[in-house]
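Next come the chains, spelled out residue by residue.
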Amino acid sequence: MENSNTIIAALDLGTSVTKVVVGRPVSEYETEIIGTGSFPSSGIKNGSIVNIEGTTRSIIEAVSEAELMCGQEIGSVIVNLTGKTVRADNSKGVVAITNRDRVVTEPDVVRVIEAAQSIRVPADQEIIHVLSKEFSVDDQSSIKDPIGMTGVRLEAEVHIVTAGITALHNLDKCIEAAGLAEGARVLSSLASSEAVLTTGEKDLGTAVIDIGAGICDLIIYIDGGISYSAIVPFGGYNVTSDLSIGLKTTIETAELLKKRYGQCALDEIDPTETVEVPPISGRPARTVLREELVNVIEPRMREIFEMLDAELVKSGKKSFLAGGVILTGGGSLLDGIEVLAEDVFKLTVTRARPAGLSGLSERVSSPEFSTAVGLVKYASRLTDMEQKSQDRTESWGRKVRRWIEENL
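Note that this is a predicted model, so its numbers are computed, not measured.

Undergrad: Report on the overall build of the protein, specifying residues and quantitative values.
TA: Counting its regular elements, the protein contains eleven helices and 19 strands. Over its C-alpha trace the protein gives a radius of gyration of 23 Å, about what one expects of a compact globule, namely 22 Å for 408 residues. Looking at the protein residue by residue over its 408 residues, the buried ones come to 52%. Of the accessible surface of the protein, which amounts to about 18,200 Å², a share of 48% is contributed by carbon and sulfur atoms.

Pasting the structure below:
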């Protein structure tokens, strides 16, 4: 990392909490955390902005807290993108290698990438990412950088992510109203995977599921490239809502009980253990068996995992996930969640938190900060790429290679 003074601010607009993480890249494998801020989200539902004023206020409060902690003024932020309007699909492009020597050159790569992007995008959608998956030269596949190889046919497969234009405009309005510039928009699952996955796990074949309050973000890596991504519009809040109804208590109390006593595996608890439900609306406190909580939590989480499993099957890559499934996000903190997930997915499941951190790392060491930390790491990697290519007259080869590196 050539410039360790680069300050990056990440904004994670969550359904329950808006988070800001400020970091400084130290090396390729380490990021120093110098400030954090958080504030309850009041204008976001299922990952989508439903109230401009409330979302703007949450951003301002979270940014102010982070500025106070790091002693730096935040002018721009890199922001996560999720919600029901986000779409993703794989696309292929094929071109002939036409030069006399039949050697893949930089212009050939540019042409095949452009060919892969030539898909019909709905008028109400905008392309956010074109992420390289792999290249093929003739019958040789799974190539990361084809430049210099010999053949007659070059093929590229990319993962294209789009989002609703209206949702993007609402996001822009909130960030602008908060007095900030928007550095970049990054798919939430891509950011989360940046925080918790190693290169080896990406090569091995691994799925990352970030369980948020209103959304579950899924991304699958095969042979180092992104093979599939999807969003399931359910999360931890749905569990809390079910608990609130089942225990006849407030959402706030249900959330507190879920965090303190929540469990996804009934056989992991003492059947005689009791839990006190605090008094509300003049009604006295009462005692219930802890298994009553589990009998609400387990079915809802199982239902969410079954929807995610359907996405794994739909991807066509479930049998290639030698690295299993990695859970992260605030919703993954429920006890016994790995046991339940393994029962549904029939794959190895582990829970992960952000890694490769220094400085105020203890403030962001929980899975609920994976997206925000991943945004910082993602921006750090792109910043490093740009620093290595400061010369604006860089060759086609360097430009193309930089695109491949940035979008793997």
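Undergrad: Any chance you could break down the nonpolar core for me, citing the residues and the numbers?
TA: If you look at the biggest cluster of nonpolar residues, it comprises 58 residues, and the most contacted ones within it are Ile74 and Leu190. With seven residues, the single largest contributor to this core is helix α10 (residues 370-387). A domain split of this core shows at least three residues from each of domain 1 (86-164) and domain 2 (198-351). When neighbours within four sequence positions are excluded, Ile74 is seen to be in contact with Ala9, Val20, Val22, Val63, Ala66, Glu67 and Leu180. Counting residues in hydrophobic clusters, the runner-up holds 37 residues, among them Cys216, Leu247, Ala254 and Val344.

Undergrad: Please set out helix α8 (residues 290-315) residue by residue, giving values where relevant.
TA: Spanning 26 residues, α8 covers 37 Å between terminal C-alpha atoms, matching the ideal 38 Å at 1.5 Å per step. Remark: Gly316 follows α8 within two positions and exhibits a positive phi of approximately 75°.

Undergrad: Can you lay out the UniProt feature "domain: SHS2" (unreviewed entry) in the protein for me, pointing to particular residues and giving the numbers?
TA: UniProt records the feature "domain: SHS2" (unreviewed entry) at residues 8-196, using the numbering of this structure. Between the end C-alpha atoms of residues 8-196 there is a gap of 19 Å, over a span that is 28% helix and 44% strand.

Undergrad: Tell me about the pattern of salt bridges, and name the residues and values.
TA: In total, this model carries 19 salt bridges according to the counting rule given. Between Arg153 and Glu155 there is a salt bridge, with the nearest N and O atoms lying 3.3 Å from each other. Look at Glu155 and you get buried, because its relative accessible area is 17%. Among the ionic pairs, Glu303 bridges to Arg300, the shortest N-O distance being 3.1 Å. Highlighted residues: Glu303 and Arg300, both in helix α8, separated by three residues, approximately one helical turn. One network of salt bridges, in which partners are shared, links Glu126, Asp172, Glu182 and Arg185.

Undergrad: So, the domain arrangement of the protein: which residues are in play, and what are the values?
TA: Domain boundaries in the protein define domain 1 (86-164) and domain 2 (198-351). Relative to domain 2, the C-alpha centre of domain 1 lies at a distance of 36 Å. Counting residues at the interface gives nine residues for domain 1, matched by nine residues for domain 2. Summing both sides of the interface, domain 1 and domain 2 together bury roughly 650 Å²; the carbon and sulfur share of this comes to 52%. When the buried area of domain 1 at its contact with domain 2 is split by residue, Lys133, Lys144 and His159 rank highest and sum to 55% of it. Applying the counting rule to domain 1 against domain 2 returns zero salt bridges. The interface formed by domain 1 and domain 2 includes three residue pairs in polar contact (both at pLDDT 80 or more). Looking at the side of domain 1 that touches domain 2, the elements that each hand over two or more residues are β7 (87-96) and β8 (125-137).

Undergrad: Describe the pairing of strand β15 (residues 274-277), and please don't skip the residues or the numbers.
TA: The alternating pattern of β15 places Val275 and Val277 on a buried face, while none of Thr274 and Glu276, on the opposite face, is buried. One ladder, built from four bridges, connects β15 with strand β16 (residues 286-289); its direction is antiparallel. Its bridge partner lying in β16, Glu276 is registered against Thr287.

Undergrad: Before we move on, could you go through the packing of aromatic side chains and cite the residues and values that matter?
TA: Evaluated as defined, the whole model comprises one aromatic pair. Note that Lys19 overlies the ring of Phe369, its terminal NZ or CZ placed 5.9 Å from the centroid. Here the basic side chain of Lys317 rests over the ring of Phe320, its NZ or CZ set 5.4 Å away from the ring centre.

Undergrad: Describe helix α3 (residues 165-177), with residues and values.
TA: Residues that lie three or four places apart on an α-helix share one face, since the helix turns once every 3.6 residues. The terminal C-alpha atoms of α3 lie 18 Å apart, and with 13 residues this matches the ideal 18 Å at 1.5 Å per residue to within 8%. Looking one or two residues past α3, Gly179 carries a phi angle of roughly 80°, positive in sign.

Undergrad: Got a sec to walk through the sheet that holds strand β19 (residues 357-359)? Specific residues and values, please.
TA: Pairing is mixed across the open sheet formed by six strands, whose spatial order is β11-β6-β1-β2-β3-β19. Strand pairing shows two members of the sheet lacking a second neighbour, β11 (181-187) and β19, which therefore form its edges. The average angle at which neighbouring strand axes cross in this sheet is 35°, direction not considered. Summarising the sheet, strand β1 (residues 8-13) and strand β2 (residues 17-27) pair through six bridges and their orientation is antiparallel.

Undergrad: Give me the lowdown on the environment of Ile74, citing residues and values where you can.
TA: Turning to its location among the elements, Ile74 is positioned in the loop between α1 (52-70) and β6 (76-81). We classify Ile74 as buried; its relative accessible area is 8%. Separated by 149 residues in the primary sequence, Ile74 and Asp223 place their C-alpha atoms 37 Å from one another.

Undergrad: Explain the sheet that holds β8 to me, and be specific about the residues and the numbers.
TA: Read across the open sheet, the four strands follow the order β7-β10-β8-β9; overall the sheet is antiparallel. The sheet is open, and its two edges are formed by β7 and β9 (140-143), each paired on a single side. Taken pair by pair, the neighbouring strands of this sheet meet at an average axis angle of 35°, ignoring direction. As paired strands, β8 and β9 are joined by two bridges and run antiparallel to one another. Residue pairing in the sheet places Phe135 in a bridge with Ile143 of β9. Against the sheet, helix α2 (residues 106-117) makes contact with β7, β8 and β10 (153-164), and its axis sits at roughly 135° relative to β7, the strand it touches most. Sheet strands touched by α3: β8 and β10. Its angle to β10, the strand with the most contacts, is close to 65°.

Cut-off values and rules
Residues numbered from 1 in each chain as written. Predicted model: local features only at pLDDT ≥ 70, side-chain atom pairs only at ≥ 80, totals over all residues. Heavy atoms only, no water. Helix = DSSP H or I, 4+ residues; strand = E, 2+ residues; numbered from the N terminus. Rg over C-alpha atoms; globule rule 2.2 N^0.38 Å. Buried < 20%, exposed > 50% of the residue type's maximum accessible area, 1.4 Å probe, protein only. Areas by Shrake-Rupley, 256 points an atom, 1.4 Å probe, with all protein chains shown as cover. Core = buried A, V, L, I, M, F, W, Y, C linked by side-chain atoms within 4.5 Å. Domains from an automatic or database assignment. Contact = heavy atoms within 4.5 Å. Expected span 1.5 Å × (residues − 1). UniProt positions renumbered as here; feature names shortened; annotations may be inferred. Salt bridge = Lys/Arg side-chain N within 4 Å of Asp/Glu carboxyl O. Buried area = accessible area lost by both parts, 1.4 Å probe. Polar contact = N/O pair within 3.5 Å; in protein donor to acceptor, adjacent residues only side chain to side chain. Pairing = 2+ DSSP bridges. Phe/Tyr/Trp six-rings, centres within 6.5 Å; stacked < 30°, edge-to-face > 60°. Lys NZ or Arg CZ within 6 Å of the ring centre and 35° of its normal. Axes fitted to C-alpha atoms, helices over the stretch in contact; angles between N-to-C directions.

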